[in-house]
Amino acid sequence: MASPAVLAPLVATAHLAQLERLGETLAQPAPSKRMLIIVNPYATTVSDRLKNLVVYALRGRYQVDAVETQSPDHATSLSREAAHEGYDVVVAFGGDGTVNEAAHGLAGSGTPLSVLPGGSTNVYCRVLGIPNEIVDATEHLLRLADDWQPHRVDLGLVNGRHFTFSAGLGLDASVVERVDTHPYRKAKFGEWYFTWAALDIFTRRYLFDPPLIDVGCDDQTVRGVTLIVQNAHPYTYFNRRPIEIAEGAELDSGTLAGAVLRRASPLDMPTVIWRALTKRPRIVEHRQVTAFAGVTELEGSSPAGGPIPLQVDGDYIGDVDRARFGVAAGALLVIA
């Protein structure tokens, strides 16, 4: 049997051929809706040829412009400009980081966001119900032209930055920081590199005297080593398996949910990981986890006053001494 590395180029070529046929089959005269596709050319599964064929296919039903991002936060400014210029939809073609930037730029506007999967995990794409395979996702967007029903969903907030499905403080963000510094390994090994990074950081920084976080929520303070806040579920995926952390996180609930891991000892972590990777045992019932749901604001800070790593939607955005979380109810219009 051929290895995945040998099969990958063949699968990619087949996808390109399917997209080319899709564009020829579904071409329609005089499309009316204007679409801006924001492309992250460095996303895991994005290539120049793939971008061109996706644009070619979508031009069968939309007036399409495509722009590549050139720097961090470029997708945010492009999205704001698109809303100002009256585009009917902005499509983020990249990973969850690109989607986050686009959502941040469109928050509060009347321009809807949609997504094409171009990253390694594509959490928000799957949360919205868009297929996680590029040919199926492109065909899905083509069908939406005849069933145009944008709807509003919530966005989370942390220190003024929006997030679409999750944010994390502490151990969780330390893992994301490590992974983000090695994009080649992230693209090649995917979820397995996240797992290795988590184990390595745990043994180096959290096994003895870990940095602590005080989490204030509903007049209660909990001390732990990591805080995860969710605006939707699941928290992420391991291959096709959803990883559920918080319970009660929904896109349109107007509230947040999450969990605090109070301790990360060699005795506790294997059972936490086991609960994350299996269906029945719930992480929120672990003896070292304090869960919360139905909240609209909370805060995390270091009792020692030192910096704490922060991530939003799987992207490390820096160290902070305090993180204030909230929810922007109905802030984002989506079409999916």
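Just so it is clear, the structure is predicted and the values come from calculations on it, not from any experiment.

*Asks:* Help me out: how do you make sense of the overall build of the chain in this one?
*Replies:* On a plain count of helices and strands, the chain comes out with 10 helices and 18 strands. Relative to its length of 336 residues, the chain is compact, with a C-alpha radius of gyration of 20 Å against a globular reference of 20 Å. Overall, the chain is about 65 × 50 × 35 Å in size when its C-alpha atoms are taken along their principal axes. For the chain, the residues scored as buried account for 52% of the 336 residues in total. Once local pairs closer than 6 in sequence are excluded, the contacts in the chain between residues at least 24 apart make up 73%. Looking at the chain as shown, the accessible area adds up to about 15,500 Å², and 52% of this sits on carbon and sulfur atoms.

*Asks:* Help me understand the pattern of salt bridges, please; the structure alone is not making it clear to me.
*Replies:* Where charged atoms from two side chains of opposite charge come close, those side chains can pair. Inspection of every chain in the model, using the stated rule, returns 12 salt bridges. The salt bridge partner of aspartate 200 is arginine 178, with a shortest N-O separation of 2.7 Å. Pair noted here: aspartate 200 is in helix α9 (residues 191–206) and arginine 178 is in helix α7 (residues 171–180), with a separation of 22 residues, a long-range link. Through salt bridges with shared partners, a single ionic network connects Asp48, Lys51 and Glu68.

*Asks:* Please clarify how α9 should be interpreted in this entry.
*Replies:* A turn of α-helix holds 3.6 residues, and therefore any two residues three or four places apart point the same way. Taking 1.5 Å of rise per residue, 16 residues should cover 22 Å, and α9 covers 21 Å from first to last C-alpha, within 8% of that figure. Those residues of α9 hidden inside the fold are in contact with β7 (166–170), α7, α8 (183–189), β11 (236–238) and α10 (269–277).

*Asks:* Would you take a moment to explain unusual backbone geometry for this structure?
*Replies:* Backbone phi values are negative for most residues with the exception of glycine, while trans is the configuration of most peptide bonds. The residue after histidine 233, namely proline 234, is reached through a cis peptide bond having omega 5 degrees. Topologically, proline 234 is positioned in the loop between β10 (226–230) and β11. Unlike most non-glycine residues, aspartate 73 shows phi in positive territory, near 70 degrees. Looking at the secondary structure, you find aspartate 73 in the loop between β2 (62–68) and α3 (74–84). You will see that asparagine 239, though not glycine, has its phi angle at about 55 degrees, which is positive. Mapped onto the elements of the fold, asparagine 239 is located in the loop between β11 and β12 (241–243).

*Asks:* Is there a simple way to think about the confidence of the model for the chain in this case?
*Replies:* Detailed reading of the predicted coordinates is not advisable wherever pLDDT is low. Across the chain, the average pLDDT comes to 88, with 91% of residues at or above 70. Note on residues 1–11: pLDDT under 50 across the span, and one contact to partners over four residues away in sequence or across chains.

*Asks:* Looking at this structure, how should I read the sheet that holds strand β17 (residues 315–320)?
*Replies:* Think of a sheet as strands paired side by side through backbone hydrogen bonds, with each pair either parallel or antiparallel. Read across the sheet, six strands follow the order β14-β13-β10-β7-β16-β17 without closing on themselves; strand pairing throughout is antiparallel. Either end of the sheet is taken by a strand with one partner, and the two such strands are β14 (289–295) and β17. Neighbour-to-neighbour, the strand axes of the sheet open up by a mean angle of 15 degrees, direction not taken into account. Relative to β10, β7 runs antiparallel, the two being bridged by five bridges. Counted as the bridge partner of alanine 167 is valine 229 from β10.

*Asks:* Just checking my understanding: could you explain the packing of α7 against α9 for this structure?
*Replies:* Between two packed helices, what matters for the description is the angle formed by their axes and the separation of those axes. At a minimum axis distance of 9 Å, the contact between α7 and α9 shows a crossing angle of 120 degrees. Here α7 lies oblique to α9, going by the angle between them. In the packing of α7 onto α9, the handedness of the crossing is right-handed. Packed against α7, whose contacting residues are Leu171, Ser174, Val175, Arg178 and Val179, the element α9 presents Tyr193, Phe194, Trp196, Ala197, Ala198, Asp200, Ile201, Arg204, Arg205 and Tyr206 at the interface. Here the residues of the contact of α7 with α9 are counted per class, giving 10 nonpolar, one polar and four charged.

*Asks:* Help me understand the nonpolar core in this model?
*Replies:* Note that soluble globular proteins tend to have their nonpolar side chains buried in a common cluster. Leu58 and Tyr124 are the most contacted members of the largest nonpolar core, which has 53 residues in total. Looking at which element gives the most residues to this core, the answer is helix α6 (residues 134–144), with six residues. With near-sequence residues (within four places) excluded, tyrosine 124 lies in contact with Asp96, Val99, Val115, Val153, Thr164, Phe165, Leu251, Leu332 and Val334.

*Asks:* Teacher, can you tell me more about a nonpolar patch on the surface here?
*Replies:* Taken together, Leu199, Ile273 and Leu277 make up a surface patch of nonpolar side chains, about 240 Å² in accessible area. By the secondary structure assignment, isoleucine 273 is in helix α10.

*Asks:* Got a minute to help me understand the environment of valine 91 in this structure?
*Replies:* In this fold, valine 91 is placed in strand β3 (residues 89–94). Residue class for valine 91 comes out buried when judged on its relative accessible area of 0%. Along the sequence, valine 91 and alanine 102 sit 11 residues apart, while their C-alpha atoms lie 8.3 Å from each other. Discounting residues that sit within four places of it in the chain, valine 91 has contacts with Met35, Leu36, Ile37, Ile38, Ser114, Val115, Leu116 and Leu141.

Procedures and definitions
Position labels on residues start from 1 in each chain and follow its written sequence. Restriction of local features to residues with pLDDT of at least 70 applies here, the model being predicted, together with a cutoff of 80 or more for giving and counting side-chain atom pairs; totals for whole chains, interfaces and linings are based on all residues. Only hydrogens and water are set aside when side-chain values are computed; all heavy atoms of the structure are taken into account. Only DSSP runs of H or I reaching four residues or more are called helices, and only runs of E reaching two or more are called strands; each is numbered from the N terminus. The globule rule used for comparison is 2.2 Å times the number of residues to the exponent 0.38, while the radius of gyration itself is calculated over C-alpha atoms. Exposed residues in this analysis have more than 50% of their type's maximum accessible area, buried residues have under 20%, and partly exposed residues fall in between, with area computed by a 1.4 Å probe over protein chains only. What makes two residues a contact is simply this: any of their non-hydrogen atoms within 4.5 Å. Using a 1.4 Å probe, the Shrake-Rupley method yields the accessible areas, and only the shown protein chains count as cover for residues. We define a salt bridge as a contact between a side-chain nitrogen of Lys or Arg and a carboxyl oxygen of Asp or Glu at a distance within 4 Å. To estimate how far a helix should reach, multiply one less than its number of residues by 1.5 Å. Each residue gets a pLDDT score, which is the predictor's confidence in that residue and runs from 0 to 100. Paired strands, as defined in this entry, are two strands with at least two bridges between them according to DSSP. Every axis corresponds to a line fitted to the C-alpha atoms, with the helix fit spanning only the stretch in contact, and the corresponding angles, defined between N-to-C directions, vary from 0 to 180 degrees. For this classification, under 35 degrees means roughly parallel, over 145 means roughly antiparallel, 65 to 115 means roughly perpendicular, and everything else is oblique. Throughout, a crossing is termed right-handed when the near helix is turned clockwise from the far one, and left-handed when it is turned anticlockwise from it by less than a right angle. All residues other than Ala, Val, Leu, Ile, Met, Phe, Trp, Tyr, Cys, Pro, Asp, Glu, Lys and Arg, Gly among them, are scored as polar; the first ten of these are nonpolar and the last four charged. Only buried Ala, Val, Leu, Ile, Met, Phe, Trp, Tyr and Cys residues count toward a nonpolar core, and they belong to the same one when joined by side-chain atoms within 4.5 Å. Patch members must show over 30% relative accessible area and no salt bridge, and they are joined within 9 Å when carrying like charges or within 5 Å when they are nonpolar side chains of Val, Leu, Ile, Met, Phe, Trp or Tyr.

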